[in-house]
Amino acid sequence: GKFGDYGGQYVPEALMPAIEELNDAYERYVLDNEDGFMDDFRARLRDFGGRPTPLQRADRLSERYDREVYLKREDLLHGGAHKLNNALGQVLLAKYMGKERIIAETGAGQHGTATAMACAHLDMPCEIYMGERDINRQRPNVFRMKLNGSEVNPVTVGRGTLKEAISETMRDWATNVEDTHYVIGSVVGPHPFPSMVRDFQSVISEEARTQAREKLGRLPDAVVACAGGGSNTMGAFAEFVDDEETALYAVEAGGSTLEVDEEAGVAPNSASLTTGTEGILHGARTRLLQDRDGQIMESHSVSSGLDYAGVGPELAHLVDTGRVTAVNVDDDEALTAFHRLSQMEGIIPALESAHAFGYLESVAGPDAPDSEEADGLGEYVVVNVSGRGDKDLESAIEETYER
Ligand SMILES: Cc1ncc(COP(=O)(O)O)c(/C=N/[C@H](C(=O)O)[C@@H](O)C(C)C)c1O
């Protein structure tokens, strides 16, 4: 479970039996398709999830950016985000392992919602840990989790956001490993989580690669995806990593500024790939926002889903080796992109996904400087629409009309 010097299993001894049991199940069911697990998983993604999602040409953006812009529509997956790919895979795996209880963390609430839906679909009791702050800014998703029959446990320690929610969930798991599976929400955590979540999300690039060849007779010149923990990112990239001719761009949250206030221990962004340093978070060595004493800093983003101080170890490694280019756009560019996609293409994206469109505008838009970055995107770009923006309407209205 190593990606260069990132990854690993930095967990308390008490968690090792659960980690080893999970790794054994991952190898048997996911990698070796024991008992037809992966066939069952794909059939449910199709019939319950609604896959495959379209790879749709964005006519207005293609005109604006003078190139072929295609959208991978994970916003059309059941539940409204890519999160179901991973949640369904992990809840199904827990069932095959004989577990009786599911717990999960969530920030934007999309992962929590996806886990709650998967648990209702597979008749598994479910508890979601969610930061108090996030509960208040993602109310529609909190209601959906409850409607799907899950309990939502408010996390009030610290800033009450994702970081604390993950720690609380890990604590519950350590206490109840016998009957409980922890459905982690992104390509983070100790091995095998980053690899397993990537494998469940890789259906995105499996489909996109085939669809791209059908529609344009060749591979795309670039794939662009936002990056919080990095799961929609790794899912959109996985099947293209070996195709050197396809550039891969991970777009992080530049928040309000990339400047970091070390004294206050606050990073007004979540650009861990760009400004982070090597450290351990939630069981893995990766890149993260930490001060000079190694204290994890508070991150920020206008979108809950990108508001995370760490990033997946495999994505960090791909950036270090130069296979993935890490870029970022700030809150304002993301909000402007949120409105632009809604008006120009009739798609209201999640604020997280809007960051990917903010990047396209910044390098290929009418006001963009003539830079080689635009050429990096090439003639044929695929942008991952990781989710839809229903959950963000309240905050987008506030930010837009009270800015
Ligand atoms: C629509 C949408 N797009 C992108 C993300 C970023 O998560 P990754 O895909 O794992 O980088 C998210 C992340 N959402 C998580 C959640 O809903 O709980 C997030 O807050 C954490 C699991 C990281 C999202 O909801």
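As a reminder, the structure under discussion sits directly above these lines.
This write-up is about the structure you can find in this document. For clarity, every value in this text was computed on a predicted model and none was experimentally measured.

**Some words on the overall build of the protein**
Reasoning step 1: Per the secondary structure count, the protein includes 17 helices and 14 strands.
Reasoning step 2: For a compact globule of 403 residues, the expected C-alpha radius of gyration is about 22 Å, and the protein comes in at 19 Å, within 12% of that figure.
Reasoning step 3: Reported as C-alpha extents along the three principal axes, the dimensions of the protein are approximately 55 × 50 × 40 Å.
Reasoning step 4: Put simply, of all contacts in the protein between residues at least 6 apart along the chain, 73% involve residues at least 24 apart.
Reasoning step 5: Only carbon and sulfur atoms are counted for the fraction: they give 46% of the accessible area of the protein, which is about 14,900 Å².
Reasoning step 6: Here the protein carries 37 positive and 71 negative side-chain charges, and the mean point of each set is 4 Å from the other.

**Re the sheet that holds strand β8 (residues 180-182)**
Reasoning step 1: Read across the sheet, four strands follow the order β7-β6-β5-β8 without closing on themselves; strand pairing throughout is parallel. Only two strands of the sheet have a single partner each, and these edge strands are β7 (151-155) and β8. Direction aside, the axes of adjacent strands within the sheet are offset by 25° on average.
Reasoning step 2: As judged from the five bridges shared by strand β5 (residues 101-106) and strand β6 (residues 126-131), these two strands associate in the parallel manner. Residue pairing for β6: I103 is matched across the bridge by E127.
Reasoning step 3: With respect to the sheet, helix α5 (residues 110-121) is in contact with β5 and β6, its orientation differing from that of β5 by roughly 165°.

**Some remarks on the pattern of salt bridges**
Reasoning step 1: Enumeration over the complete set of coordinates arrives at 28 salt bridges.
Reasoning step 2: Here K72 ties to E207 by a salt bridge, and the two come within 2.7 Å at their closest N and O atoms. Residue K72 is found in strand β4 (residues 68-73), and its partner E207 is found in helix α10 (residues 203-216); the two are separated by 135 residues along the sequence.
Reasoning step 3: Residue K72 is classed as buried on the basis of its relative accessible area, which comes to 1%.
Reasoning step 4: The class of E207 is buried, set by a relative accessible area of 13%.
Reasoning step 5: R287 is paired through a salt bridge with D320; the nearest N and O atoms lie 3.7 Å apart. Note that R287 is positioned in strand β12 (residues 284-288) and D320 in helix α13 (residues 313-320), a separation of 33 residues in sequence.

**Details of the site of the ligand**
Reasoning step 1: What surrounds the ligand is a group of 26 residues, the closest being T106, S186, G228, G230 and S231.
Reasoning step 2: Between an oxygen atom of the ligand and a side-chain N or O atom of S231, the distance comes to 2.7 Å.
Reasoning step 3: Coverage of the ligand by the protein amounts to 99% of the 540 Å² it exposes when considered alone.
Reasoning step 4: At the level of secondary structure, the elements contributing two or more residues to the shell around the ligand comprise β5, α5 and α11 (231-237).
Reasoning step 5: The element that contributes the greatest number of residues to the shell around the ligand is α11, accounting for three residues.
Reasoning step 6: Grouping the constituent residues of the shell around the ligand by class yields six nonpolar, 17 polar and three charged.

**Description of the sheet that holds strand β3 (residues 55-57)**
Reasoning step 1: Ordered in space as β3-β4-β14-β9-β10-β13, the six strands form an open sheet in which the pairing is mixed. Every interior strand has two partners, whereas the edge strands, β3 and β13 (324-330), have only one. The sheet shows a mean angle of 30° between the axes of neighbouring strands, taken without regard to direction.
Reasoning step 2: Pairing of β3 with β4 involves three bridges; the strand directions are antiparallel. Across the sheet, Q56 pairs through a bridge with L71, a residue of β4.
Reasoning step 3: Packed on one face of the sheet, helix α15 (residues 351-364) meets β4, β9 (222-226), β10 (247-255), β13 and β14 (380-385) and runs near 135° to β9.

**Concerning the pairing of β12**
Reasoning step 1: With respect to burial, β12 is a largely interior element, four of its five residues being buried.
Reasoning step 2: As defined by bridge partners, strand β11 (residues 277-281) adjoins β12 across five bridges and the pair is classed as antiparallel. When the bridges of β12 are listed, I280 appears paired with R285.
Reasoning step 3: Connecting β11 to the next strand, β12, in antiparallel fashion are two residues, including H282 with a positive phi near 50°.

What counts, and where the lines are drawn
Residues numbered from 1 in each chain as written. Predicted model: local features only at pLDDT ≥ 70, side-chain atom pairs only at ≥ 80, totals over all residues. Heavy atoms only, no water. Helix = DSSP H or I, 4+ residues; strand = E, 2+ residues; numbered from the N terminus. Rg over C-alpha atoms; globule rule 2.2 N^0.38 Å. Contact = heavy atoms within 4.5 Å. Areas by Shrake-Rupley, 256 points an atom, 1.4 Å probe, with all protein chains shown as cover. Lys, Arg positive; Asp, Glu negative; His and termini not counted. Charge placed at Lys NZ, Arg CZ, Asp CG, Glu CD. Pairing = 2+ DSSP bridges. Axes fitted to C-alpha atoms, helices over the stretch in contact; angles between N-to-C directions. Salt bridge = Lys/Arg side-chain N within 4 Å of Asp/Glu carboxyl O. Buried < 20%, exposed > 50% of the residue type's maximum accessible area, 1.4 Å probe, protein only. Near = heavy atom within 4 Å. Polar contact = N/O pair within 3.5 Å; in protein donor to acceptor, adjacent residues only side chain to side chain. Nonpolar A, V, L, I, M, F, W, Y, C, P; charged D, E, K, R; others polar.

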